Amino acid sequence: MNRTVGVLAVQGDVREHVRMLDGLGVRAVTVRRTSELDACDGLVIPGGESTTMAKLARTFDLFEPIRHRLKEGMPAFGTCAGMIMLADRIEDGTADQETLGGLDITVRRNAFGRQVDSFEGDLAFSGLDAPVHAIFIRAPWVEAVSDRVEVLARVDGGEAAGRIVAVRQGSLMATSFHPEVGGDPRVHRLFVDLVSEAE
């Protein structure tokens, strides 16, 4: 694949995403400048802390350029805090919290609780033959989706049974969990396929 996928590198688990993309044979680059963003055919927005990430994206003069590229149709994949960054609406956000938007969803920040409430489990994931082992760390979940959004995965059991934790809308994709942790490249492969299909 001769496409370049960037990983927003202002905060969060950047190296893990770069390693996963490299393992798939993708040219993966870190993005801290608009010139680096301009060279990307797709962008991963990693986990981290969504309010901090938004503020740092502004500090690095990346917020509006990323928002513009998303509106132009650049594929993007948000994980955990990255899902919040791609959501059009947030519940339990800070009063001044900004998002890049693009996904017609409402997310609830820290829906699964504090760091001590983090957990993992297997999920059926649309488009994949076998379940994905999902790791949730202070993760959001999706409260509501429009009819333009495809639900890719829900929590199977426990107190959060039925909660939406992975979505796709056009060339945008997001997960509540961290697919870059654990070595299973299949969710990233689905995103790489979206980048390959984009013009």
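In every chain, residue numbers begin from 1 and rise along the written sequence. Local features in a predicted model are, by the rule used here, given only for residues with pLDDT of at least 70; side-chain atom pairs are given and counted only at 80 or more, and totals for whole chains, interfaces and linings are based on all residues. Hydrogen atoms and water are omitted, and side-chain values are computed over all heavy atoms in the structure.

Peer 1: Sorry, what's going on with the UniProt feature "binding site: L-glutamine" (unreviewed entry) in the protein chain here?
Peer 2: The residues that UniProt annotates with the feature "binding site: L-glutamine" (unreviewed entry) are G48, E49, S50, R109, I137 and R138. With the annotated positions falling across 91 residues, the maximum pairwise C-alpha distance of 13.0 Å places them together in a single cluster. A run of H or I in DSSP counts as a helix once it spans at least four residues, and a run of E counts as a strand once it spans at least two, with each numbered from the N terminus. Its location among the elements puts E49 in the loop between β3 (42–45) and α3 (50–59). Among all residues touching E49, those that are not within four sequence positions of it are Q11, A81 and R109. We call two N or O atoms a polar contact when they sit within 3.5 Å, provided that within protein one can donate a hydrogen and the other can accept it, with sequence-adjacent residues counted only if both atoms are side-chain atoms. Polar side-chain contacts of E49 include one of 2.3 Å to the side chain of T51. For S50, the position within the fold is in helix α3. The rule is simple: take the accessible area with a 1.4 Å probe, protein chains only, and divide by the maximum for that residue type; under 20% is buried, over 50% is exposed, in between is partly exposed. Classification of S50 as buried rests on a relative accessible area of 3%. Residue contacts follow a heavy-atom distance rule, with two residues in contact if any of their heavy atoms lie within 4.5 Å. If we ignore the near neighbours within four places in the chain, the residues touching S50 are A81, I84, M85, Q97 and R109. UniProt positions are given in the numbering used here, feature names are shortened, and annotations may be inferred rather than shown by experiment.

Peer 1: Help me understand the pattern of salt bridges, please; the structure alone is not making it clear to me.
Peer 2: Any two side chains of opposite charge can pair if their charged atoms end up close together. Note on definitions: salt bridges are taken to be side-chain nitrogens of Lys or Arg within 4 Å of carboxyl oxygens of Asp or Glu. Within this structure, the stated rule accounts for eleven salt bridges. Close ionic contact of E64 with R67 constitutes a salt bridge, the shortest N to O distance being 3.4 Å. Pair noted here: E64 and R67 are both in helix α4 (residues 63–71), with a separation of three residues, about one helical turn. On the basis of relative accessibility, which here comes to 37%, the residue E64 falls in the partly exposed class. Under the relative-accessibility criterion, R67 is labelled partly exposed at 21%. A salt bridge links R163 to E143; its shortest N-O distance comes to 3.7 Å.

Peer 1: Whenever I open this one, the packing of aromatic side chains confuses me. Can you help?
Peer 2: Here a pair means two rings of Phe, Tyr or Trp (six-membered ring of Trp) with centres within 6.5 Å. Their orientation is stacked below 30 degrees between planes, edge-to-face above 60, and tilted elsewhere. Under the counting rule described, the total for this entry stands at three aromatic pairs. Each ring, one from F125 and one from F177, has its centre 6.4 Å from the other, and the planes form 85°; the classification is edge-to-face. One end of the pair, F125, is in the loop between β7 (119–123) and β8 (132–136); the other, F177, is in the loop between β12 (172–175) and α6 (186–197), and 52 residues separate them in sequence. No difference in accessibility class separates F125 from F177, as the two residues are buried. Between F136 and F177 the ring centres are 5.7 Å apart and the planes differ by 65°, which places this aromatic pair in the edge-to-face class. Within this pair, whereas F136 is found in strand β8, its partner F177 is found in the loop between β12 and α6, the two being separated by 41 residues in sequence. Accessibility expressed as a relative area gives 2% for F136, which makes it buried. Linked through ring pairs, F125, F136 and F177 together constitute an aromatic cluster.

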